[in-house]
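Listed here are the chains, written in short residue letters.
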Amino acid sequence: MRFSVEMCNLQLKAGRHFILEQPLTSRAWSLDPVMKLMITEGVIETDFHQCMYGLVAVDHLGPAPAYKPTRVLSSHPALAEALTRRCDGSHRHAQLVGKSACSRAAQNPHDLCRAILNATEVIKKGHEELVSYLTHCEETQEGSGQSLA
């Protein structure tokens, strides 16, 4: 976790973004480096339930959504917003019991990956629009003989 937090801090210092994800009940959230990251300016904390992103487990009744409450830290509002779905209570949950069930649940469900990719596209589009705007401003300033500095 120390290495992961170090990478998150490097991303922040470089003006880039990150997602740090762990199960809500993980002891990682109580580690000093993680707790310091949680209170860092620009870091957003959010919790979600993976059943709402398509995580499924199999129990004696068959396949069903698996609850798996999860916490993320992120450095961009679009990433945090994409990871806010909480169980709506419209389904039963299959418990994640046993090594194979837990191993499968360690892989992010397709809908969770899609939500992160969609948020990344929002960030990318916003960055491209900002670069285009700044380029336009520079060209306008150069044409008028003024400097942006």
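Described in the following lines is the structure provided in the data block. (Residues numbered from 1 in each chain as written. Predicted model: local features only at pLDDT ≥ 70, side-chain atom pairs only at ≥ 80, totals over all residues. Heavy atoms only, no water.)

A short note on helix H1 (residues 2-13)
Across its twelve residues, H1 extends 16 Å between first and last C-alpha, which sits within 8% of the 16 Å expected from 1.5 Å per residue. The first or second residue beyond H1 is Gly15, which carries a positive phi of 80°. (Helix = DSSP H or I, 4+ residues; strand = E, 2+ residues; numbered from the N terminus. Expected span 1.5 Å × (residues − 1).)

Considering unusual backbone geometry
One non-glycine residue, Lys68, adopts positive backbone phi at about 35°. Checked against the element boundaries, Lys68 lands in the loop between strand S4 (62-65) and strand S5 (69-74).

A few points about the packing of aromatic side chains
Using the criterion set out here, one finds one aromatic pair in the structure. Aromatic side chains Phe48 and Tyr53 sit 5.3 Å apart centroid to centroid with 75° between the ring planes, which places their arrangement in the edge-to-face category. Tyr53 shares its class with Phe48; the two are buried. Directly above the ring of Trp29 sits Arg71, whose terminal nitrogen or CZ lies 5.6 Å from the centroid. (Phe/Tyr/Trp six-rings, centres within 6.5 Å; stacked < 30°, edge-to-face > 60°. Buried < 20%, exposed > 50% of the residue type's maximum accessible area, 1.4 Å probe, protein only. Lys NZ or Arg CZ within 6 Å of the ring centre and 35° of its normal.)

As for the pattern of salt bridges
Using the criterion set out here, one finds four salt bridges in the structure. Linking Arg71 and Glu45 is a salt bridge whose minimum nitrogen-to-oxygen distance equals 3.1 Å. With Arg71 in strand S5 and Glu45 in strand S2 (residues 44-49), this pair connects stretches of sequence that are 26 residues apart. Residue Asp47 pairs with Arg86 through a salt bridge whose shortest N-O separation is 3.9 Å. Separated by 39 residues along the polypeptide, Asp47 in strand S2 and Arg86 in the loop between helix H3 (77-82) and helix H4 (99-105) bring together distant segments of the chain. Bridged by salt links that share partners, the residues Glu45, Asp47, Arg71 and Arg86 form one connected network. (Salt bridge = Lys/Arg side-chain N within 4 Å of Asp/Glu carboxyl O.)

Side note on the nonpolar core
Phe48, Tyr53, Val72, Ala78, Leu79, Ala82, Leu83, Leu112, Ala115, Ala119 and Ile123 form the largest nonpolar core, which has eleven residues in total. At the level of secondary structure, the elements contributing two or more residues to this core comprise H3 and helix H5 (110-144). Here the element with the most residues in this core is H5; it accounts for four residues. The residues contacting Leu112, other than those within four sequence positions of it, are Phe48, Gln50, Tyr53 and Leu83. Core analysis: the second largest hydrophobic core is formed by ten residues, Trp29, Val34, Val43 and Leu73 among them. (Core = buried A, V, L, I, M, F, W, Y, C linked by side-chain atoms within 4.5 Å. Contact = heavy atoms within 4.5 Å.)

Regarding the pairing of S4
Two faces make up the sheet, and in a regular strand the side chains alternate between them. Note: strand S3 (residues 56-59) against S4, four bridges, orientation antiparallel. Paired with Val58 across the two strands is Pro63, which belongs to S4. In this antiparallel pair of consecutive strands, S3 and S4, the connection spans two residues. (Pairing = 2+ DSSP bridges.)

A few points about a nonpolar patch on the surface
Nonpolar side chains collect at one region of the surface, where Phe3, Met7 and Leu10 lie side by side and expose about 290 Å² of accessible area between them. Of note, Met7 is situated in helix H1. (Patch = residues over 30% accessible without salt bridge, like charges linked within 9 Å, V, L, I, M, F, W, Y side chains within 5 Å. Areas by Shrake-Rupley, 256 points an atom, 1.4 Å probe, with all protein chains shown as cover.)

Bear in mind that shape data such as this cannot, by itself, settle questions of function.
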